[in-house]
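Topology and contacts: notes
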Amino acid sequence: MSTGTLFDKVWDRHTVRMLPSGQTQLFIGLHLIHEVTSPQAFSMLRDRQLAVPFPQRTIATVDHIVPTESQARPYADGLAEEMMVAIERNCRQFGIRLHQPGSGKQGVVHIIAPEQGLTQPGMTVACGDSHTATHGAFGAIAFGIGTSQVRDVLATQTLSLTRLKVRKVQVDGVLRPGVYAKDVILSILRKLTAKGGVGYAYEFAGSTFSAMSMEERMTVCNMAIEGGARCGYINPDETTFAYLKGREHAPAGAAWDKAVAWWRSIASDANAVFDDVVTFDAATFEPTVTWGISPDHGIGVGETIPAKASFALDEQANIEEAYQYMDLKAGQAIKGLKIDVAFIGSCTNGRISDLREAARVIAAHGGQVAAHVKAFIVPGSEAVKVVAESEGLDKVFTAHGFEWRQAGCSMCLAMNPDKLTGAQISASSSNRNFKGRQGSPTGRTLLMSPAMVAMAALEGRIADVRDVLKK
Ligand code: SF4
């Protein structure tokens, strides 16, 4: 009887050979590229006169630098325009499909691949972006890679990787109203820390994840990397199959039945052996807000900024740095902290269910975006935008003072005109609160669920979304 984890099964089935270094040469089933980390990789191919042997296994989109207001070309930012021209030329030359703005298929790389049915269980996925772990929601093992590895995948369709240990992150129980997938992962990070997953793949297991939609699962897996894990995944189940059925690149007809049988077989066995197991009770999770400069600096919205002494000794210098940078003090309440900017979007929380929930909170609140706040909502893809508009969500947003934008990464990384200025404080549904992450070297980011961002925008300060949901 098999006693493997999904990670082991997928890894073994994709192993090309063991390398003298002790690493594994792993075949990559799906390679996703975008305009920022691919130009140099293509230049390296040209320098070495290498071809792309499996161009059909690479899909390109543009997301990081794409403006979310006017997308008229040429872009005002010369460097952004150069990147666009480069990816167009590279995809043409190497025979790679590129989803451009206006195609109906463009969007943030980790949003378009699942929505087109490209990401499937049992796959190995790689992309030159840290948040590639998102695809693990489907029971794929998915790695964020650097530019030289993008070159390697383009040239060989393989990567040299060190095998990971597997930690089972077991969460059971029902989430309370106002607590979302984002709060689940922020709570897990808080406990396991930003470095706790180094050397591991995280398997998210338990009744809480089984009850989640695929979009919620993507939010969780997206941030596995923020806990130091190289990838995170959830075993495929009926929810996974139902999501995939009928999507453009999903198998159809007899191939569908065969695929589902294979997908079931790669799930972790009931008696799979893990290198580590940690457990959580979902009923203990609160709407969570980060206060510091690392995604594991989260607290419940009703809590106060933690004392330095409550952290491990080797963390305390970083905590001091966080107090300084954020201009916050231990013991201070996070609730009531004034914000300047509210951003809903990104590959963590820019999907249709995120926008629906934000709209529900806005409607329940009934107010307008606070006068001192700039609030904007950026759909994760053109497809998300079309659905949101067909449901009238855009009208809800704009009627309450939010800006409604075009698809892209926007202020998640601010490699486009959407940036913080000065020491502005942003309530953000994205995934990283590192120093300067949202475009200003002194800008401050507070991570939270889209519902909590919507609430903060309307109140002008950090507030508890449960206050409107229970009305
Ligand atoms: S939304 Fe943010 S994390 Fe996601 S792909 Fe874009 S820049 Fe990377």
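In case you missed it, the structure is sitting above this.
Residues numbered from 1 in each chain as written. Predicted model: local features only at pLDDT ≥ 70, side-chain atom pairs only at ≥ 80, totals over all residues. Heavy atoms only, no water.

1. Details of the layout of surface pockets
Estimates place the volume of the largest pocket at around 290 Å³. Lining the largest pocket we find 17 residues, and of these Arg190, Thr193, Asp296, Phe311 and Glu315 sit closest to its centre. Of the residues that constitute the lining of the largest pocket, the class distribution is 6 nonpolar, 6 polar and 5 charged. (1 Å grid on protein atoms, 1.4 Å probe; cavity = no way out; pocket = protein on both sides within 12 Å on 5 of 7 lines; lining within 4 Å. Points joined across faces, edges and corners; volume = space filled by probe spheres on them. Nonpolar A, V, L, I, M, F, W, Y, C, P; charged D, E, K, R; others polar.)

2. Remarks on the sheet that holds strand S11 (residues 231–233)
Pairing is parallel across the open sheet formed by 4 strands, whose spatial order is S11-S10-S9-S12. The open sheet is flanked by S11 and strand S12 (276–281), the only strands paired with a single partner. Strand after strand, the sheet turns through a mean of 20° between neighbouring axes, direction not considered. On top of the sheet, helix H1 (residues 6–13) reaches strand S9 (165–172), strand S10 (200–205) and S11; it is set at about 115° to S11, its chief contact. (Pairing = 2+ DSSP bridges. Helix = DSSP H or I, 4+ residues; strand = E, 2+ residues; numbered from the N terminus. Axes fitted to C-alpha atoms, helices over the stretch in contact; angles between N-to-C directions. Contact = heavy atoms within 4.5 Å.)

3. Overview of the site of the ligand
Close contacts around the ligand come from His64, Val108, His110, Asp129, His131, Ser346, Cys347, Cys409, Cys412, Leu413, Asn431 and Arg437, and that covers them all. Across the shell around the ligand, the residue classes tally to 5 nonpolar, 5 polar and 2 charged. (Near = heavy atom within 4 Å.)

4. Thoughts on unusual backbone geometry
Residue proline 74 is bonded to the preceding arginine 73 through a cis peptide linkage, with omega at -5°. Residue position: proline 74 is located in the loop between strand S4 (58–61) and helix H3 (78–94).

5. So, the sheet that holds strand S15 (residues 341–344)
Pairing is parallel across the open sheet formed by 5 strands, whose spatial order is S17-S16-S15-S18-S19. This sheet does not close on itself; its edge strands, each paired only once, are strand S17 (403–404) and strand S19 (444–447). Note that S15 and strand S18 (residues 425–428) share 3 bridges and pair parallel. Counted as the bridge partner of alanine 342 is alanine 427 from S18.

6. Considerations on the environment of proline 450
In this fold, proline 450 is placed in helix H16 (residues 450–459). For the pair proline 450 and phenylalanine 241, spaced 209 residues apart in sequence, the C-alpha separation works out to 26 Å. Filtering out sequence-adjacent residues up to four positions away, proline 450 remains in contact with Ile344, Asn349, Asp354, Ala358 and Ser429.

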